[in-house]
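Examining the three-dimensional arrangement
Now for the letters of each chain:
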Amino acid sequence: AVVSTQSTGEKLLDSDNAMVIRRLWDSYRNMWSSALCDTCSGLTENRTHEFSNKTDEVLLCFNEHIQHPHMICIECSEKYDALLNLFKSLQSAGYACADLADSMNSTARMWSVDYGCGHPPVEYLPVLAMTAAMSFIPFSFYLALWKFPTCGPS
């Protein structure tokens, strides 16, 4: 008698000729690991729970001030900054799974695009003026050399 070393689960996964079930299972496991789902599966993880709570606080703040969107940037900035800092710390520690990243991206899009919060717009005129002035210096130098090729007594 031949003794099989495969478990029942392995036998089921390998039971069809095309191995469709095995391929789907492997694809699922690959997606699970590449999305870092182990790091935040379930709300039993303190860091996941804390991130979820802070996200809820930010979204609640948005909803509380929805009648006056210009106040969202002022009233919710402290909560949003706390959420963003927590996400950055989770990300740097390798705990930012795909669900947390999606949640942060969605909240950040609302913060910056929908409500126009974030960094003040950059004024481009001073930058362009300085660039033009610096670009003109070599041109004027070569023009002066062409116009006055020799300096001093002859």
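Residues numbered from 1 in each chain as written. Predicted model: local features only at pLDDT ≥ 70, side-chain atom pairs only at ≥ 80, totals over all residues. Heavy atoms only, no water.

The next thing to look at is the pattern of salt bridges. Side-chain pairing between opposite charges can occur once the charged atoms of the two side chains come close. A complete count under the given rule lists one salt bridge for this structure. A salt bridge links Arg 109 to Asp 114; its shortest N-O distance comes to 3.0 Å. (Salt bridge = Lys/Arg side-chain N within 4 Å of Asp/Glu carboxyl O.)

Moving on: the nonpolar core. Formed by 19 residues in total, the largest nonpolar core has its most connected members in Phe 51, Phe 62, Ile 72 and Trp 111. For this core, the secondary structure elements donating two or more residues are helix 3 (46-64), helix 5 (77-92) and helix 6 (98-114). For this core, the leading source of residues is helix 5, giving five residues. With near-sequence residues (within four places) excluded, Trp 111 lies in contact with Phe 62, Ile 72, Cys 73, Cys 76, Ser 77, Tyr 80, Gly 116, Cys 117 and Gly 118. (Core = buried A, V, L, I, M, F, W, Y, C linked by side-chain atoms within 4.5 Å. Buried < 20%, exposed > 50% of the residue type's maximum accessible area, 1.4 Å probe, protein only. Helix = DSSP H or I, 4+ residues; strand = E, 2+ residues; numbered from the N terminus. Contact = heavy atoms within 4.5 Å.)

A few words now on the state of the cysteines. In total, this model carries two disulfides according to the counting rule given. Disulfide pairing is shown between Cys 61 and Cys 76; the S-S distance is 2.0 Å. A torsion of -95° about the S-S bond marks the disulfide between Cys 61 and Cys 76 as left-handed. Note that Cys 61 is positioned in helix 3 and Cys 76 in the loop between helix 4 (69-75) and helix 5, a separation of 15 residues in sequence. The exposure classification of Cys 61 matches that of Cys 76, with both residues buried. Disulfide pairing places Cys 73 opposite Cys 117 at an S-S distance of 1.9 Å. In this structure, the disulfide formed by Cys 73 and Cys 117 twists by about -90° around the S-S bond and is classed as left-handed. Taken together, the residues span a long stretch of sequence, with Cys 73 in helix 4 and Cys 117 in the loop between helix 6 and helix 7 (124-147) at a distance of 44 residues. Overall, the relative accessible area of 6% leaves Cys 117 in the buried class. (Disulfide = S-S within 2.5 Å.)

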